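Examination of the molecular architecture
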Amino acid sequence: MSMAEVRIGTSGYDYLDWRGTFYPAHVGRDEFLSYYSGHFSTLELNFSYYRMPEKKQLAAILRRSEGRVDFSIKAHESLTHRVDAHSWRDAVKQYRGALDPLLEDEKLAAVLLQFPFSFHYSPDNRRYLNALLEEMRELPLAVEFRNTEWVSKRVITALQERRVAFCSVDTPRLRGLPPPVDIVTSDLAYIRFHGRNEKNWWGSDAAARFDYLYNDEELSAWIDRIMVMMNGARQVRVYFNNHRRGQAPANAQMLSSLLARQGIAVR
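These figures come from a predicted structure and were not determined experimentally. For every chain, the first residue of its written sequence is number 1, and the numbers climb from 1 along that sequence. Totals for whole chains, interfaces and linings use all residues, but because this is a predicted model, local features are given only for residues with pLDDT of at least 70 and pairs of side-chain atoms are given and counted only at 80 or more. To obtain the side-chain values, all non-hydrogen atoms of the structure were used and water was disregarded.

Topic: the pattern of salt bridges
The following threshold applies: Salt-bridge detection follows one rule: a side-chain nitrogen of Lys or Arg within 4 Å of a carboxyl oxygen of Asp or Glu. Comment: elements are numbered from the N terminus, with helices defined as DSSP H or I runs of at least four residues and strands as E runs of at least two. Remark: exposure states derive from per-residue accessible area (1.4 Å probe, protein chains only) relative to the maximum for the residue type, with buried under 20%, exposed over 50%, and partly exposed in between.
Going through the model one piece at a time under the given rule, you end up with 22 salt bridges. Glutamate 44 serves as the salt-bridge partner of arginine 192, at 2.6 Å between the closest nitrogen and oxygen. Residue arginine 192 is found in strand S7 (residues 188-193), and its partner glutamate 44 is found in strand S2 (residues 42-45); the two are separated by 148 residues along the sequence. The class of glutamate 44 is buried, set by a relative accessible area of 0%. Glutamate 144 is the salt-bridge partner of arginine 146, the closest N and O atoms lying 2.7 Å from each other. Here arginine 146 matches glutamate 144 in class, with each residue buried. Through salt bridges with shared partners, a single ionic network connects Glu5, Arg7, Asp70, Arg237 and Arg267.

This is how it looks when you write it as structure tokens:
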């Protein structure tokens, strides 16, 4: 068995509805990250999708985490969802500059390029992705495709050549969404659990979409996949995005326990 480092965390941490389920009632919002860092060793930052991150902001996050976690961080929407052909390269430079604190402290696990379901496997999109990966080549990258059209040998090979991680996802079993896979294309294996809320997946209410609590059986089905990925990677990062009412940290702890029963240590 490879000695790949496995870390499990959540996508985001600043959720008021985690009070009473994960955060104790007496913990103030300004203490959330410190409390989180006492329970998990990695965190996926997702605020950076909605607003461009700033260097001082990420430096403050590092301080509050007290050096106990590493970070993956989602790319801004101007790079994945609302791309302007004339300005996206400027957006890359602005985004890249904000990451200096994480890079200098060696706390950057990955930049996540999450593309929407509407990002089809078309010539224009392939060219854009190729250019984007080239512009960001100095960073550790993971790509998440929400459309199964991208799950192909050609794409996997291209990511392997670039040493870019293919993000494996757990989502509802709906037509057009990628299946759960154990694909490894770089030294980093990257997994995201979104929940299996089929009824609300295509709705406009994001909170309802990710309102899902995995059970033991569902998470146990991932153990063999994770073990396979450990053999092909040096690092494994797993994030739970089913964030409603503290379900993400509950499932992150559950998966850690399931792996521990198999003799797999989670940092």
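After that view, the rundown keeps rolling.
A short note on helix H12 (residues 247-261)
Quick reminder of the rule: The span one expects for a helix is its residue count, reduced by one, times 1.5 Å.
With 15 residues, H12 extends 21 Å between its outermost C-alpha atoms, agreeing within 8% with the 21 Å of an ideal straight helix rising 1.5 Å per residue. Among the residues of H12, Gln247, Ala248, Pro249, Asn251, Ala252, Leu255, Ser256, Leu258 and Leu259 are the ones counted as buried. Positive backbone phi, approximately 80°, marks glycine 263, located one or two places after H12.

What about the sheet that holds strand S5 (residues 141-145)?
Selection criterion: What makes two strands pair is DSSP finding at least two bridges between them. For helices, the fitted line uses only the C-alpha atoms of the stretch in contact; every axis is such a line through C-alpha atoms, and the angle between N-to-C directions lies from 0 to 180 degrees. Here, residues are in contact when the closest pair of their heavy atoms is within 4.5 Å.
The sheet built from eight strands closes into a barrel, its strands ordered S1-S2-S3-S4-S5-S6-S7-S8 with parallel pairing. Pairwise comparison of adjacent strand axes, ignoring direction, gives a mean angle of 25° for this sheet. The sheet contact formed by S2 and strand S3 (residues 70-74) spans four bridges and is parallel. Directly across from glutamate 44, in S3, lies its bridge partner serine 72. Those strands touched by helix H3 (residues 55-65) are S2 and S3, and its axis lies near 145° from that of S3.

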